[in-house]
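# Descriptive structure summary
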Amino acid sequence: GISYFLAFQILGIILIILTALVTSLGQFAWKYSSNCSGSAKILLTVAGFAVFGVSGFLMIVSYRFGELSIIQPLLSIGFVFSLVLGKIFLHEEHSIFKYIGIAVILAGVFILARAGTKSAEEEVVEEIVEEIAEKVQFAEHKTADEGDE
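Computed from a prediction, not measured in an experiment: that's the story for all the values here.

Calculation notes
- Residues numbered from 1 in each chain as written.
- Predicted model: local features only at pLDDT ≥ 70, side-chain atom pairs only at ≥ 80, totals over all residues.
- Heavy atoms only, no water.
- Helix = DSSP H or I, 4+ residues; strand = E, 2+ residues; numbered from the N terminus.
- Contact = heavy atoms within 4.5 Å.
- Polar contact = N/O pair within 3.5 Å; in protein donor to acceptor, adjacent residues only side chain to side chain.
- Core = buried A, V, L, I, M, F, W, Y, C linked by side-chain atoms within 4.5 Å.
- Buried < 20%, exposed > 50% of the residue type's maximum accessible area, 1.4 Å probe, protein only.
- Axes fitted to C-alpha atoms, helices over the stretch in contact; angles between N-to-C directions.
- Parallel < 35°, antiparallel > 145°, perpendicular 65-115°, else oblique.
- Left-handed = near helix turned anticlockwise from the far one by under 90°.
- Nonpolar A, V, L, I, M, F, W, Y, C, P; charged D, E, K, R; others polar.

This next bit is on the environment of His94. With respect to the secondary-structure elements, His94 resides in the loop between helix 4 (77–89) and helix 5 (96–148). Excluding residues that lie within four positions of it along the chain, His94 makes contacts with Leu83, Lys87 and Tyr99. There is a polar contact of 3.4 Å between the side chain of His94 and the backbone oxygen of Leu83.

Side chains of a nonpolar character, in soluble globular proteins, are inclined to be buried together. With 13 residues, the main nonpolar core has Ile13, Ile16, Leu74 and Ile77 as its most contacted residues. Elements that contribute at least two residues to this core include exactly helix 1 (4–33), helix 3 (68–74), helix 4 and helix 5.

On to the side chain of Thr19. Relative to the helices and strands, Thr19 resides in helix 1. The buried category is assigned to Thr19, whose relative accessible area is 0%. In contact with Thr19, not counting residues within four places along its chain, are Ser55, Leu58, Met59 and Leu75.

Turning next to the packing of helix 1 against helix 4. The N-to-C vectors of helix 1 and helix 4 enclose an angle of 40 degrees; their axes lie 8 Å apart at closest approach. With respect to helix 4, the element helix 1 is oriented oblique. Between helix 1 and helix 4 lies a crossing whose hand is right-handed. The residues of helix 4 that touch helix 1, namely those facing Ile17, Ala20, Leu21, Ser24, Leu25, Gln27 and Phe28, are Ile77, Gly78, Phe81, Ser82, Leu85 and Phe89. Its residues assigned to classes, the contact of helix 1 with helix 4 comprises nine nonpolar, four polar and no charged.

The subject of this paragraph is the packing of helix 1 against helix 2 (residues 38–65). Contact geometry of helix 1 with helix 2 gives a least axis separation of 8 Å together with a crossing angle of 165 degrees. In terms of axis orientation, helix 1 runs roughly antiparallel to helix 2. In this structure, the crossing between helix 1 and helix 2 has a hand that is left-handed.

Turning our attention to the side chain of Ser24. On the secondary structure map, Ser24 appears in helix 1. By relative accessible area, which is 2% here, Ser24 ends up buried. At 3.4 Å, the side chain of Ser24 forms a polar contact with the side chain of Ser82.

What follows is the structure in structure tokens.
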């Protein structure tokens, strides 16, 4: 099965990516509200703050489950979400350089996510190796003790 440590790392990664998405939605609400007036503007502004509150809560929870050096940089995937939201709903134009930048961010997110799960796997393997080494040492001492008798 999967170790608790690895499961917590993965949960932390999932939560921080969800945090980045929710944060992007809050920012989108604020940006979209700039094109509105009256009650729509107020509603979208308040919704943006509410969504930011949710994202803050998700961020705090995600830190409980993952390593800070893995979790914090993963927030950069929010740039990807913002670009997609801007393209789809605000019809923003993007240069090839923005797409290259997004590709670099996604590559970095993938590498960081893999590094987080890899270190967890390595920790499990180390625990197993240590346990086997202890058993081998115990068996060697037991055999040596029997030889002395």
